[in-house]
Amino acid sequence: MGRRVGLEVSLACAEAVGLCNADVVAAYPITPQTHIVEHLSEMVADGRLDAEFVPVESEHSAMSCCVGSSAAGARTFTSTSSQGLALMHEILFIAASLRMPIVMATANRSLSGPISIWNDHSDIMAERDIGWIQTFAENGQEVVDLTMHAFKVAEDKRVCLPVAVNLDGFILTHVIEPIEMPDQEEVDAYLPPFEPSQSLDPAKPISMGIVGMPEIYTEAKKANMVALEESYEVIKEHWDGLAKQFGRTYKPIESYRTDDAEVLFVTMGSLGETVMTAVDQMRDDGIKVGQVRIRLWRPFPLDDFMEAIAGAKTLIVIDRALCPGIPAGPVATELRGMMYAKGAKQYVANFVCGLGGRDVTRSQFVEMVQEAQKAAANGEEMTCRMVGVKE
Amino acid sequence: MADEGMTPWKDLALGCAGTEPGSSRRFNTGDWRSRRYPVTDRETCIKCGLCWIICPDMAYSPDPKDEGYYTWDGYYCKGCGICIEECPKDAISWKEEKEEDKYGPACGA
Ligand code: SF4
Ligand code: SF4
């Protein structure tokens, strides 16, 4: 049985990577990810983790190193944030198109400028189309579980894709939480040793990263798209396996008090827990409100999402990033587009909040419900509002 | 675009890896050549081998029938003209080429 301990979430994440027996960690320190890689580096230096820790000179090199080590058949982990993720940008696509089962913890943080080290989702929202599987955690326990799940899914021979586990910078990375850390035997039972589907081997030479002329590029992209779409079933299967092994359940879309709810919040990441308390408060006041949490962001579980929102009249989509030049945040833009294609009739209100570490309070969520219900009742245009801007 | 070089997406190796050594041999860079091709005048050629070394698409190879000279393969020659530029004796010159004769005398397909 695992032990319930009080642990900083970053350290818990690093310990989880250790329990998963990563072979290579290549990373460059950046706030607020620093404690994750610092702790991993200590674990390797202390001989607690038999891995190669590569202190690269940039995030571009970190991801390049990860591609190389994964190609050589090593279980590979990295972690980054914000500008670091942006610097990885071009290699992120390569990792996915080469089908490298790299696992990355993304400590979500705003992008400059102005320079900000604090939390929002603008880093990962700029990387929506990198072809990676992307999950979101709301608390420390989920970070540990999703990290184990990430290796399990990434390395599954039916998947072979990189996985990014998103955890909110500071709000999660720097907070000490009670976390049930599993035993080595339990993790070993869940996650067998890595058997690469294809690796660089002098005895069986292959070329990775070759040119895709116009005759083949489209087919290569199609194969990638299908691989990501088909990973959905495997992702669910390994969440079921995780529930069996560790007793905690995860779903692509998770619902909270959605029965008979007229208004539904749609959230991703740690803010979802604040929204839960707001939902509880409003339910006590007789307001029919609930919450839908996007656990799996890529591949997007559209059918699960449509099912979860089926009974609602109004959605309140919370965005933690902006789409400058588009009248909605990234999550609402995508959801409205996908819902329109499905013929959905819901009113989709969109609020951008919590940018660059700005706190969002429970009362602000209550106000959002009032505002959205009024706008929906008056048949107003579906717009997007930035919450808490001082005029 | 013809179907040459095309593969159904399901048949591609994982991550579009190249699983067959030397598959670029099948790549018809000669298809890029237009209207002209290089011809060597063996009277002038001093057998230095520079064209063989510098051709970026390895269109020249040692002539098995006439030692010291080099044969040209139109399947690979993309018509860049580097050999013409670099030959120390100006032994190579352009010759007009019709589209129908394009692949040249030694097509290696
Ligand atoms: S570079 Fe000119 S001289 Fe030298 S081998 Fe080629 S054709 Fe002959
Ligand atoms: S023209 Fe260019 S490609 Fe053709 S033989 Fe000369 S160097 Fe090679």
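Residues numbered from 1 in each chain as written. Chains lettered and ligands numbered in written order. Predicted model: local features only at pLDDT ≥ 70, side-chain atom pairs only at ≥ 80, totals over all residues. Heavy atoms only, no water.

1. A few points about the sheet that holds strand β4 (residues 76–80) of chain A
All names here are of chain A. Within the open sheet, the seven strands sit side by side as β3-β2-β4-β5-β7-β6-β12. Their pairing is mixed. Of all strands in the sheet, those with a lone pairing partner are β3 (52–55) and β12 (296–298), marking the two edges. Each neighbouring strand pair of the sheet contributes to a mean axis angle of 20 degrees, computed without reference to strand direction. Pairing of strand β2 (residues 24–27) with β4, which is carried by two bridges, proceeds in the parallel orientation. When the sheet's bridge partners are listed, V24 is paired in β4 with T76. (Pairing = 2+ DSSP bridges. Helix = DSSP H or I, 4+ residues; strand = E, 2+ residues; numbered from the N terminus. Axes fitted to C-alpha atoms, helices over the stretch in contact; angles between N-to-C directions.)

2. Quick look at the interface of chain B and chain A
Contacts between the two partners involve 17 residues from chain B, matched on the other side by 19 residues from chain A. Put simply, chain B and chain A have zero salt bridges between them. Counting across the chain B and chain A interface gives two residue pairs in polar contact (both at pLDDT 80 or more). Of the residues in the side of chain B that touches chain A, the class split is 11 nonpolar, five polar and one charged. (Contact = heavy atoms within 4.5 Å. Salt bridge = Lys/Arg side-chain N within 4 Å of Asp/Glu carboxyl O. Polar contact = N/O pair within 3.5 Å; in protein donor to acceptor, adjacent residues only side chain to side chain. Nonpolar A, V, L, I, M, F, W, Y, C, P; charged D, E, K, R; others polar.)

3. Overview of helix α12 (residues 362–377) of chain A
All names here are of chain A. Over its 16 residues, α12 extends 23 Å from the first C-alpha to the last, a length consistent with the 22 Å expected when each residue adds 1.5 Å. Taken as a whole, α12 has its buried residues at Q364, F365, V366, M368, V369, A372 and A375. Looking at the buried residues of α12, the elements they touch are β10 (263–267), α9 (271–284), β11 (289–294), β13 (314–319) and β14 (347–352). Once α12 ends, the next one or two residues include G379, with phi positive near 65 degrees. (Expected span 1.5 Å × (residues − 1). Buried < 20%, exposed > 50% of the residue type's maximum accessible area, 1.4 Å probe, protein only.)

4. Focus: the domain arrangement of chain A
Residues and elements named next belong to chain A. Its domain assignment divides chain A into domain 1 (3–246) and domain 2 (253–386). Taking the mean C-alpha position of each, domain 1 and domain 2 sit 28 Å from one another. The interface is formed by 29 residues belonging to domain 1 together with 26 residues belonging to domain 2. The tally of links between domain 1 and domain 2 comes to four salt bridges. Taking the shortest distance from any N to any O, the salt bridge between R298 and D129 comes out at 3.8 Å. Within the residue set of the side of domain 1 that touches domain 2, elements represented by two or more residues are α5 (122–125), β6 (133–136), α6 (140–155) and α8 (217–246). Ranked by the residues each element gives to the side of domain 1 that touches domain 2, the list is headed by α8, at six residues. (Domains from an automatic or database assignment.)

5. Re the side chain of T147 of chain A
All names here are of chain A. With respect to the element layout, T147 can be found in helix α6. Relative accessible area serves as the criterion here: at 2%, T147 is assigned to the buried category. Each residue touching T147, except ones within four places of it in the same chain, is listed here: C13, A16, V17 and V165.

6. Brief notes about the site of ligand 2
Every residue close to ligand 2 is listed here: P38, C55, P56, A59, Y60, W72, C77, K78, G79, C80, G81 and C83 of chain B. Per-class residue counts for the shell around ligand 2 are nine nonpolar, two polar and one charged. (Near = heavy atom within 4 Å.)

7. Some details on the packing of aromatic side chains
The final tally for this structure, using the stated rule, is 10 aromatic pairs over all chains. Ring centres 6.5 Å apart and planes at 40 degrees place the aromatic pair F77 of chain A and F151 of chain A in the tilted group. On the criterion of sequence distance, the pair formed by F77 of chain A in strand β4 and F151 of chain A in helix α6 is long-range, its members being 74 residues apart. An identical accessibility class is assigned to F77 of chain A and F151 of chain A; each is buried. Following the ring pairs from residue to residue traces out a cluster consisting of W297, F300 and F305 of chain A. Cation over ring: R298 of chain A sits above W297 of chain A, and NZ or CZ is 4.7 Å from the ring centre. Geometry around Y69 of chain B places K47 of chain B over its ring, the cationic atom sitting 4.8 Å from the centre. (Phe/Tyr/Trp six-rings, centres within 6.5 Å; stacked < 30°, edge-to-face > 60°. Lys NZ or Arg CZ within 6 Å of the ring centre and 35° of its normal.)

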